[in-house]
Structures are given as C-alpha cells and as structure tokens.
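What the coordinates show
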Amino acid sequence: MLPSSATNGQPTDPSSEAIRIESLSKRFGETVALDGLSLSVPSGSFFGFLGPNGAGKTTTIQNLTGLLEADTGKVEVFGLPIPEQAHAVKQAIGVVPDESVLFDRLRGLEFLEFVGRMYGLEGAMALSRGRELMELFELDTETSTLIAGYSKGMRKRLALAAALIHRPQLFLLDEPFEGVDPVGARLMKDILVQQVERGATVFLTSHVLEVVERLCDRVAIIDHGRVVVEGSIAELSTVEETLEDLFVRLVGGGREALQLDWL
Amino acid sequence: MTSGHQIKALVQVQLRSVWHLLRTSKAGGGVRVSVALALLWYGFWGAIGLLFAVIPNLIGSEDLETALPGMFLFIMGYWQLTPLLTLSLGVSLDMRRTRVYPVSTATLFTVECGLRLGTGAEMLLILAGLWAGFATAGSMSLSALTAGFALFILFNMFISAAIRNFVERLFRQRHLREVVVVVMVCFLLAPQALIWSQTLRQIARDVLLASRDIPHRALPSGLAAQVVVGEAGAQQMIALVAMIGIAALLAYWQFHSSITRLGGPSASRRSAAGTIGDKVLRAVTSWTGDPIAALVEKEIRSLWRSPRFRLPFFMGFTFGVFAWLPILGFLNEPESAHWTANHAITFISLYSFLLLGPVMFLNRFGFDRAAAQAYFWYPVSLERLLLAKNLAACFYALLQVLFIGVISGWFGMIGTSLAIGEALIIAGIGMLYLLSVGNYISVRFPIASNPDRISRGGTGHGIRSAAQFLLFPLALSPVLAVVAAAELSDNLAATMGGVFVVTAGGILLYIVTLTNAARTMGRTREHFVSQLVQSEGPLATE
C-alpha cells in the first residue's frame, strides 16, 4: 500500500525517501543509458537532477513513470517497488515530460478534466479544478483553442497544470521551463515552491543551472548513466566554485573548444 | 551556394529522411513493399505508354493524330486532378519549413515545379510512349513533335502547381477539405452512375451536345496537338506560349502566397463551455463511469476533430451509398427483389467500416502520437484503455449505420426500419471481429499519423493496406456467412442459431484478444512509444 500521505495530499514524512534507486542499468542496443545509477531523494525536497545531454536523465524519469523497464536494479517510490506496484505509485505522481506529451485534439480545459478523471477525480471536481488551473496558469483566454494551436510555452504550462490537478505528492519534471517565457517560468517556479512547502517532492531536470541553484535544496549530477556527485546546494555550491563551475568540471571533461580555421 | 546546389540539397535531405524511415520502420514492410507498390502502379502506366509507342507503327499514326486533341484533353484533366487527390499523400515537401534558410522563392518554385512533374508521372509515361510512337512512325516533323509535347508538359506543370497551391490553402480552412474531397470522390462515380441511371445518361448526353460548341482548338490541349501534327501557325504558337506564360505567373503567384502565408494549426473557435454536444457526449458515456467514460469522451472528441477521420466517415454514407446502391440493384430496377438489395444497408455499412479501417480499427493510437506514452503513467489499466477506444469506435460505427439508413431512405432507394435493424445487428457482430483484429494490429504495429492529413500516406501503408484488404474480409466472414445462410435458407431457427453462435464466438474472441493486446502493449511499450514518436523527416508534411 502507498503511504496514505502520498495520496491524500498530506505532507509526507521528511525523513522518508520519496525515490530510491539502486544500481539501475538500462541499455538501448549498444548504447548504455544507465550504468548502475543509485540515488536517494528525500520526501519534501526540491531535487535537481542534472547532467549533460544523453547522460540518462530522461531515461531515469521514464523508469520512474513505468514507461521503461530497467535491465537490472531497483526502483522504489514512497517505498513501493516499480514496476511491481506501478499502478499504486502512478496515483501519487504528477509528470511533466520532456516533450509536449499532450492530446492535440482537445482543448486545454478538456485535457485537464480528462487527466483529472484519469487520476480518479469526480467529473465535476476535475472540471472545477481544471478551470482554476487554467486561470492560475493564465491559459483561461484560450479555452476555445485546441492544444494543437498552443505555443510551446503554453503547452509546458498546461502540462504542469495537468500534473497538478490530482495534487500529487511527487512531481517528475523533465525540463519544465524549456521554451517558457520569463513571466510564465516565474509563475511555474512559484507554484512548485508552494508544492514543496506543503510537503510534496519535486524531482526536476534542467539545463538552466541558475534555476536549479535558486530552487533546489538538493542536487545530483549524472554523467554516462551514473551519479558523479550528490548533495545539498549548500555543500556543492560555494563561493569558490558555483554549481555551473562544478558541473563543467565534473562532466565537461576539461575539453577545450576546438579551434576551426574557417570559423 | 548556387540555387542548383540548394535544390540538390533539398531533394537529398528529403530522400534521405524517407529512406532512413523506410529502412528502420518494421511496420509497413519498409522499402520492399513501397518499391513493389510503386513498380506495380508505374509499371501499369508504363505498359500503356509502351502500347502507345507501338500502336502508330501497327495501325498507322493518322487515327491517333485525329484523336490527339481528345487524348491531350484527357491527359490534362488527369494531370490536374491528381495533385488534388494526392495533395496530402506520401512525402510531399512542405516548402514553408525552408523559409528559415537563405533559399530564394525562385529556387523553391523550381523544386515545386519538379514535384508537379512527379505527380504527373503517369501521364509523362503515356506522353513518352506517344512521342516515341509518333517519332518512329516518321509521319511528323520531329522538331514540331518534340516542341508540341514539351510545351504541353510545361503548361500542365505550371497549371498543376497553381491549382495545387491554391487548393492547399483552401484545405487549411476548417471542414472545407473534407467537403471538397467528398465532392471530388463522388464525381469519380460519374461513369458508374451513367451506366445505371437513365436520367443521368440523358443529362450527360445534353452536356456533351452543348460542349460541341466549345472551340477545342482554343484549349491548350488542342493548341499543343496542333503543334504536334504541324498544323499550328504563328497565331496558335503565340497563343500557346502566352497561355504557358500566364500559367507560369499564376503558378508562381499561388506558390508565393502559399509559402508566405503561414497557416496555423487547425483550431476550433467554438465556445468550450457546456455546449449541447458536450452534454450529449456526457450523457452517452455516463453509464460506463470513469476512467472509461473520460477516455471515451476524449476519443470521440479527438476523432471528430481529425480531418483524417472525418473524411472517411463522411465518405461512408455518401460515397458508400452512391457507389454501392446501383450495384446492389436499386437505380436500375427499384422494384427489384434481388437478394443483395435486401441487405444493401448491411453491405454498405460493412464497406464503410473498410473505409474507416485505418483510423478506427487498425491504428487506434496513431493520432495520439507521442502523447500515447501518457497512457503508461496514468493509473488506468491498458485493458480499460483499449475498451474505451473500442467503445468510441462503436459509437461512430452506430452513427455511420444510422446515417447510411437515413441517406438511403431519403433517396427513396431503401430504408425500412427492418433493414436498418438488420444492419445494426450484423454490423455490431462484425465489430466484435474487427475490433479483435484491430486491437492487436494497433498495439503491434502502431504508426504515428497526422490527424490533419486526409490521406493514408506515410510509412506502414503497405502492411496496413494488406491487413485491411485481407484481414477485413476474413474478420467479417463469419457474419457474412450468416447473412448468406439466412438468405439461402428459410429456416428461422437455424438462422437465429447461426447468429447466436457467431455472436458468442465474437464475444469470446474479443475478450481473449483484448486481454492479449493489452498485455502485448504493456510488454512492448518501448517499441510502441518509439514507433509513435517517429515522423517522416524535416521537410515532410507528416
């Protein structure tokens, strides 16, 4: 059984783990996406999951959502193993994927209502929450437009609204601010901070290290499918070395930019 | 970079994209099926071209010379109609996407003209055959022959580009494309309607008599024919060249308008809040309860807002009725008691399911595309998901049968409540078998489909077409056998027994395949999602 706090919106025990990953490995043919990745995300934390392109961030999130099945290793969300207890875990998570995974032929409000009902909300409640979220995310002027007509930023805002509708205890967010304008991004950040304040856990990937540094209390940096460093922002970001410096030092490989004669 | 290099680069990038997609896509049979289909189609037209190359030597070229204006007129008609029918078929380039690069409109227009030659490839094969035939017969001047053919091809190429770009912009208007295509497809039934209907034959005769007064020699086809046979004077040459010039200007203007006016994605501007449609939809789905009701509503809405679904749906009760009722014995002898006439609505309904097959049965996740991965993180079982998609299909199938009944009744062809009732029962049983097959194919061979495209183009067309034409009749064979047996035998009890057995078999098959398809979908989810996020390359419209 999922901890009741994870489904009823009550704060989870901060000493417990929202996510626990042990020695997770995943290959796609010859490509090693995850190479024995281990990670622990405390409940109620705002966790930044960083890494260069192709490091395995999206693959990790896809394992957490049950979309992918690992070759080896163990994944637990709120103490429940995935994929064995995937169905129960899904009820407690809200997902914003890296791509715009939205049903284009629905309108924004219809989509939010649909997602709410997928998570077991009663129709009237899903509709009511959907309306409020449309307003909160400043999408209420677009009630008659199909999602196919939304801009990239609007799609991201709608995706976050959909992830919020069932008030989950764990948010899995893959590059949620990509393509969002500064005003929209600020709005999204404020909402996520509020969610952490109420006890939810946010697991966030982003390439914008300033955002991570400002929002997250804990960070893990991965490269080639392994965690290379994990700790609190206070531990990792110092006066001498910012998070960006650390990131470049750990995963940049010390490679200098090639000089091309014609450039 | 010269425009020549740019043209080469544009063509190469698209060819490579298509090649890689065909090569890596397991669904649809890949390169081999596509090449085989192309060989069959163009082989057919090539054979006709060869025939024309041989005929002048066998029978003399004089008869063909006389018939040439008419032949050119037919070729021109086909050439101009084809781009309309294949507007969104296959791998047509979307030139608007290249606007970001420093490529001039003139360069893009050159590529567009090349593509228009491509869409008239069948006619080029025939023209090549005709040219070779006349050239070897030796009765005409080779230079006049070549000039006539070349000018005729140029004219057709430009007009084709103009029409296509104009219609493409028209098609961006909501609902208009379906109306245009349904009208065009129904127009193709004209020859059949002429055979069956005396009234239509009379109308056609009147139109033909009236058209005698049209000066054929003033048409581009007539002028080109005059050039070919060496009868064109300076006046005719000037007229033809002027027509080509006007066609070129028109084509450039339409092309320029198309690439500079960006069409937004189809969007509905109707009010979203509590429409009558929404209320009806909720009333229809409420009995199932969530999450199935939510999924069914989403499916019904999404399908209705997809031109690629709406077109075959409309065609089912328009084209389907007008194409089949004459064959089934109505227009010719309305009082006929031929056995096929008694089951017309049933047969037309099953035929309409064939039209809807690719979107309603065989590729149920195609329109979801990348969004299909969301099904794996919702706390909803995959059996329920498939069931909901099937219920939405049943909803539209029921509507289709009712519309066919009503339309048939309006035209006084048929329409007893008994016939509609029979169609509903038989279609319902048939659906059990079609959905069983469709569920499995949908999860095993999913293909991303653009809901805005009205054709069935894209990868995977081969296997899907084969499945459609082989599996559909096979899947429907139990119900067809019952209909045939009922007609042949007067034994009501035996008929009812047959219906019962086929229904029970259908339900059993459906339950077994539903569970199996859901299991397959879960087991192969990585492949399933990866197939649905694919597209046809950077320039393709898919």
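The structure reproduced in this document is the subject of the present report. Keep in mind that what you see is a predicted model, and the values were worked out from it rather than measured.

The interface of chain B with chain A comprises 41 residues on the first partner and 37 residues on the second. Approximately 3500 Å² of surface area, both sides summed, lies buried where chain B meets chain A, with 56% of it carried by carbon and sulfur atoms. For the interface between chain B and chain A, the tally reads seven salt bridges. A salt bridge links Arg525(B) to Glu69(A), with the nearest nitrogen and oxygen atoms 3.3 Å apart. Seen at the junction of chain B and chain A, the total is eleven residue pairs in polar contact (both at pLDDT 80 or more). Within the residue set of the side of chain B that touches chain A, elements represented by two or more residues are helix H12 (276-285), helix H13 (292-304) and helix H22 (525-532) of chain B. Here the side of chain B that touches chain A gets seven residues from one element, more than from any other, and that element is H13(B). Residues that form the side of chain B that touches chain A fall into these classes: 20 nonpolar, seven polar and 14 charged.

All names here are of chain A. Read across the open sheet, the six strands follow the order S6-S7-S8-S3-S9-S10; overall the sheet is mixed. A strand with exactly one partner marks an edge of an open sheet, and here the two such strands are strand S6 (93-96) and strand S10 (226-232). The mean angle between the axes of side-by-side strands here comes to 15 degrees, regardless of whether they run parallel or antiparallel. The pairing of S6 with strand S7 (residues 170-174) spans four bridges and is parallel. Along S7, the bridge assignment pairs Val-96 with Leu-173. Its contacts with the sheet put helix H2 (residues 57-64) on strand S3 (46-50), S6, S7, strand S8 (201-205) and strand S9 (218-223), and the angle it makes with S7 is roughly 145 degrees.

Residues and elements named next belong to chain A. The strand order S2-S1-S4-S5 describes an open sheet built from four strands, whose pairing is antiparallel. If you trace the sheet from one side to the other, it starts and ends with strand S2 (31-42) and strand S5 (80-82), each paired once. Each strand axis lies, on average, 25 degrees off the axis of its neighbour in the sheet, ignoring direction. The sheet contact formed by strand S4 (residues 72-77) and S5 spans three bridges and is antiparallel. Directly across from Val-75, in S5, lies its bridge partner Ile-82. Here H2 sits on the sheet in contact with strand S1 (17-28), S2, S4 and S5, set at roughly 115 degrees to S1.

Cut-offs and rules
- Residues numbered from 1 in each chain as written.
- Chains lettered and ligands numbered in written order.
- Predicted model: local features only at pLDDT ≥ 70, side-chain atom pairs only at ≥ 80, totals over all residues.
- Heavy atoms only, no water.
- Contact = heavy atoms within 4.5 Å.
- Buried area = accessible area lost by both parts, 1.4 Å probe.
- Salt bridge = Lys/Arg side-chain N within 4 Å of Asp/Glu carboxyl O.
- Polar contact = N/O pair within 3.5 Å; in protein donor to acceptor, adjacent residues only side chain to side chain.
- Helix = DSSP H or I, 4+ residues; strand = E, 2+ residues; numbered from the N terminus.
- Nonpolar A, V, L, I, M, F, W, Y, C, P; charged D, E, K, R; others polar.
- Pairing = 2+ DSSP bridges.
- Axes fitted to C-alpha atoms, helices over the stretch in contact; angles between N-to-C directions.

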